[in-house]
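Residue-level structure breakdown
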Amino acid sequence: MKVLVIGGGGREHAFAWKLLQSSRVQTVFIAPGNGGTALDPRLHNVDITDLAELAQFAAAQKVTLTVVGPETPLAAGVVDLFRSRGLRIFGPTRAAARLESSKDFAKAFMKRHGIPTAAYESFTDAAAAHAHVDKHGAPIVIKADGLAAGKGVVVAMSLDEAHQAIDWMLADDAAGNKLGVQHNDTPRVVIEEFLEGEEASFIVVCDGKHVLSLATSQDHKRLLDDDKGPNTGGMGAYSPAPVVTPNVHARVMQEIIMPTIHGMAREGETFTGFLYAGLMIDASGQPRTVEFNCRMGDPETQPILMRLKSDLFELLMHATDGTLDKVELEWDRRIALGVVMAAAGYPLSPRKGDEITGIAPEAPDAMVFHAGTTLDGNRLLTSGGRVLCVTVLGDSFKLAQQRAYEVVRGIRFDGAQYRGDIAHRAIRR
Ligand code: AMP
Ligand code: GLY
């Protein structure tokens, strides 16, 4: 069988790596892929980004299954397009992807269905947004209503920061939309109550009728150690997340995941694909939804798939057949931990073109997934913000952390940035 993975980050490298382990998969295409997938002789980078051309490619190559990594093609309707041509693809339709692509839609949806989340109001008028912030005070959270690669959220600890974020997000490009937000129609911000607690990523696979939860994980959104510095796409992750106790797990399924799946179906937008609930879990164990994503997380995918013992291709075939009730997943009991190595200047203006050396070959307990890398002849160069995700398995959080940093320290490129404390919460528990 031939499989196509859409995307070019660490998540997609991990998808491709895991799909290749299936005895039923002969060929994995990855569009566009990256330097790491180009280096693997069993993977084939495909230099196509246009979605209609990708559908033509999948049809011409007789691709059995297409898997979508990032949110942008999903929000642009890649699933609708492939399905309309009779091609098997796993992901949500464009309308269902609004759970991620529009914060305003997601918040209103949660309100309609009684799904626990932070109180909010949404604004297109800057003066009204400023007045709201003055009335409620800080800390307060300002979010752009559009895709912004994880950078459209400002957790403002002071009123000044909150006012500045509103001005940034409601400005159009010419007037200095500094965060690069892809606005939906009119620029809009969602202003929410600040939630306290510990975050976790809760990802499930949905076939339209059945729901199967994946191993839990926790991401590290801030750039610097001790959760300081700006928000990023994610600087590292581990699985499982101890904060998701069996009791919390049951509450998340009952209070968040199932109401979301049923609510979408009742509204005529049956959800298929990965549904990712970003959670804030308070001291009493009450989970609240911080955000929905309609895809796997990056970097959460890397440790999650490192722990998955079952066949990912079989899982996704069942997920596209509506037979997920036939699947039971098997997980490695060890801890998986991934450390992201990012380029100089990340997240605001990552530098490209630094040469990368010292990547150890794959080991049974360690794999270096590539993201922003490219091959220039036989030199491997940085080409994006998050460059690599060093992912390992270990018998404890401490041992996994030691092993990951051993691999990280062997890798060199100018200006490399990485956190030294991935999994600090799990280790301190
Ligand atoms: P989002 O893109 O909505 O997941 O937000 C990015 C990050 O901002 C989250 O992972 C949280 O760390 C933080 N955040 C978002 N919303 C809130 C909130 N209401 N209260 C506290 N922190 C938040
Ligand atoms: N790691 C967070 C995300 O993928 O959105």
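Anyway, here's the lowdown on the structure attached to this text. (Residues numbered from 1 in each chain as written. Chains lettered and ligands numbered in written order. Predicted model: local features only at pLDDT ≥ 70, side-chain atom pairs only at ≥ 80, totals over all residues. Heavy atoms only, no water.)

**Observations regarding the overall build of the chain**
Scanning the chain from terminus to terminus reveals 14 helices and 24 strands. Computed over its C-alpha atoms, the radius of gyration of the chain comes to 21 Å, within 12% of the 22 Å expected for a compact globule of 429 residues. Taken along its principal axes, the extent of the C-alpha atoms in the chain is 60 × 50 × 45 Å. Considering only residue pairs separated by 6 or more positions, the chain has 69% of its internal contacts joining residues 24 or more positions apart. (Helix = DSSP H or I, 4+ residues; strand = E, 2+ residues; numbered from the N terminus. Rg over C-alpha atoms; globule rule 2.2 N^0.38 Å. Contact = heavy atoms within 4.5 Å.)

**Let's talk about the site of ligand 2**
In the region of ligand 2, the neighbouring residues are Asp219, Lys221, Gly233, Tyr276, Asn293, Arg295, Gly297, Asp298, Pro299 and Glu300. Within the contact set of ligand 2, a nitrogen atom lies 2.7 Å away from a side-chain nitrogen or oxygen of Asp219. Protein contacts shield 92% of the accessible area of ligand 2, which totals 200 Å² for the unbound molecule. Residue composition of the shell around ligand 2, by class: two nonpolar, three polar and five charged. (Near = heavy atom within 4 Å. Polar contact = N/O pair within 3.5 Å; in protein donor to acceptor, adjacent residues only side chain to side chain. Areas by Shrake-Rupley, 256 points an atom, 1.4 Å probe, with all protein chains shown as cover. Nonpolar A, V, L, I, M, F, W, Y, C, P; charged D, E, K, R; others polar.)

**Let's talk about the site of ligand 1**
Not every one of the 16 residues close to ligand 1 is listed here, only the nearest: Glu192, Glu193, Leu195, Glu199 and Glu291. Here a nitrogen atom of ligand 1 and a side-chain polar atom of Glu192 are 2.7 Å apart. Glu291 places a polar side-chain atom, nitrogen or oxygen, 2.9 Å from an oxygen atom of ligand 1. In isolation ligand 1 offers 470 Å² of accessible surface; the protein chains occlude 93% of this area. Broken down by secondary-structure element, the contributors of at least two residues to the shell around ligand 1 are strand E7 (140-144), strand E9 (153-156), strand E11 (189-193) and strand E19 (287-293). Of the residues that constitute the shell around ligand 1, the class distribution is eight nonpolar, one polar and seven charged.

**Considerations on the packing of aromatic side chains**
Using the criterion set out here, one finds seven aromatic pairs in the structure. The interplanar angle of 85° and the centroid separation of 5.2 Å between the aromatic rings of Trp17 and Phe369 together place this pair among those described as edge-to-face. With Trp17 in helix H1 (residues 10-19) and Phe369 in strand E21 (residues 366-370), this pair connects stretches of sequence that are 352 residues apart. Seen in terms of ring centroids, Phe29 and Phe57 are 4.9 Å apart; in terms of plane orientation they differ by 85°. Their pairing is edge-to-face. Of this pair, Phe29 sits in strand E2 (residues 27-32) while Phe57 sits in helix H3 (residues 51-60), and the two are 28 residues apart along the sequence. Neither Phe29 nor Phe57 differs from the other in exposure class; each is buried. Residue placement shows Arg98 over the ring face of Phe105; its charged tip is 4.1 Å from the ring centre. (Phe/Tyr/Trp six-rings, centres within 6.5 Å; stacked < 30°, edge-to-face > 60°. Buried < 20%, exposed > 50% of the residue type's maximum accessible area, 1.4 Å probe, protein only. Lys NZ or Arg CZ within 6 Å of the ring centre and 35° of its normal.)

**Observations concerning the pattern of salt bridges**
Within the structure shown, the criterion is met by 26 salt bridges. The partner of Arg251 in a salt bridge is Glu255, with the nearest N and O atoms 2.9 Å apart. Of this pair, Arg251 and Glu255 both sit in helix H10 (residues 246-266), separated by four residues, roughly a single helical turn. Judged by its relative accessible area of 22%, Arg251 is partly exposed. The exposure class assigned to Glu255 is partly exposed, which follows from its relative accessible area of 24%. The residue Asp325 makes a salt bridge to Lys326 at a minimum N-O spacing of 3.8 Å. When its relative accessible area of 48% is taken as the criterion, Asp325 is described as partly exposed. When its relative accessible area of 61% is taken as the criterion, Lys326 is described as exposed. Residues joined by salt bridges that share partners form a network here, namely Asp227, Arg419, Asp421 and Arg425. (Salt bridge = Lys/Arg side-chain N within 4 Å of Asp/Glu carboxyl O.)

**Remarks on the side chain of Ser310**
Locating Ser310 in the fold gives a position in the loop between helix H11 (301-307) and helix H12 (312-321). When its relative accessible area of 14% is taken as the criterion, Ser310 is described as buried. Only 2.7 Å separates the side chain of Ser310 from the backbone nitrogen of Glu330, close enough to count as a polar contact. Those residues in contact with Ser310, other than ones at most four positions away along the chain, are Lys18, Glu328, Leu329 and Glu330.

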